[in-house]
Amino acid sequence: RWRWHEVPGIPPPQTQIPVLGAAGRERYRIDVGLEELRYGAEYFGELWHGEQQRPYDEPRLADLREHFGWVMDVFTKEDVY
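Residues numbered from 1 in each chain as written. Predicted model: local features only at pLDDT ≥ 70, side-chain atom pairs only at ≥ 80, totals over all residues. Heavy atoms only, no water.

A word on the overall build of the protein
At step 1: If you tally the helices and strands in the protein, you get three helices and four strands.
At step 2: When the helices and strands of the protein are placed in sequence order, the string is α-β-β-β-α-β-α.
At step 3: Counting across all 81 residues of the protein, residues that qualify as buried make up 30%.
At step 4: Taking the intrachain contacts of the protein between residues at least 6 apart in sequence as the baseline, contacts between residues at least 24 apart amount to 45%.
At step 5: Carbon and sulfur atoms provide 53% of the accessible area of the protein, an area that totals close to 6000 Å². (Helix = DSSP H or I, 4+ residues; strand = E, 2+ residues; numbered from the N terminus. Buried < 20%, exposed > 50% of the residue type's maximum accessible area, 1.4 Å probe, protein only. Contact = heavy atoms within 4.5 Å. Areas by Shrake-Rupley, 256 points an atom, 1.4 Å probe, with all protein chains shown as cover.)

So, the sheet that holds strand β4 (residues 71-75)
At step 1: Here four strands make up an open sheet; going across it, the order is β1-β2-β3-β4 and the pairing mixed. If you trace the sheet from one side to the other, it starts and ends with β1 (14-20) and β4, each paired once. Strand-to-strand twist of the sheet, defined as the mean angle between neighbouring strand axes without regard to direction, takes the value 45 degrees.
At step 2: As judged from the five bridges shared by strand β3 (residues 39-43) and β4, these two strands associate in the parallel manner. Its bridge partner lying in β4, glycine 40 is registered against methionine 72. (Pairing = 2+ DSSP bridges. Axes fitted to C-alpha atoms, helices over the stretch in contact; angles between N-to-C directions.)

Considerations on the packing of aromatic side chains
For any pair of aromatic rings, the description rests on two quantities: the centre-to-centre distance and the angle between the ring planes.
At step 1: This structure, assessed with the given rule, holds one aromatic pair.
At step 2: When the centroid spacing of 5.9 Å and the interplanar angle of 85 degrees are considered together, the rings of tyrosine 28 and phenylalanine 68 count as edge-to-face. In this pair, tyrosine 28 sits in strand β2 (residues 26-34) while phenylalanine 68 sits in the loop between α2 (54-66) and β4, placing the two residues 40 residues apart along the sequence.
At step 3: For tyrosine 28, a relative accessible area of 14% puts it in the buried group.
At step 4: We classify phenylalanine 68 as buried; its relative accessible area is 17%. (Phe/Tyr/Trp six-rings, centres within 6.5 Å; stacked < 30°, edge-to-face > 60°.)

Some points on the pairing of β3
At step 1: One ladder, built from three bridges, connects β2 with β3; its direction is antiparallel. Bridge pairing links glycine 33 to glycine 40 in β3.
At step 2: Where β2 folds back on β3, the antiparallel hairpin that results is connected by four residues, among which arginine 38 adopts a positive phi of roughly 55 degrees.

This is a description of form; function is not addressed.
Shown next as structure tokens:
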């Protein structure tokens, strides 16, 4: 999010974007992105997205991409720090 603010000419990012399912209930929450463009970025920190979480993360990202039409990027500490 910090680097996003440094890029000229793009709208400021939204944080914690809710993605609603068919029944209008929140299905997912995206870390940061632009809802109008359906672009989302997730930070996969080691604490919440370690090896044990991977079986849940990949289907979630696939669902966001395939069924909800979001373009998703994933970043880790190597990308950010």
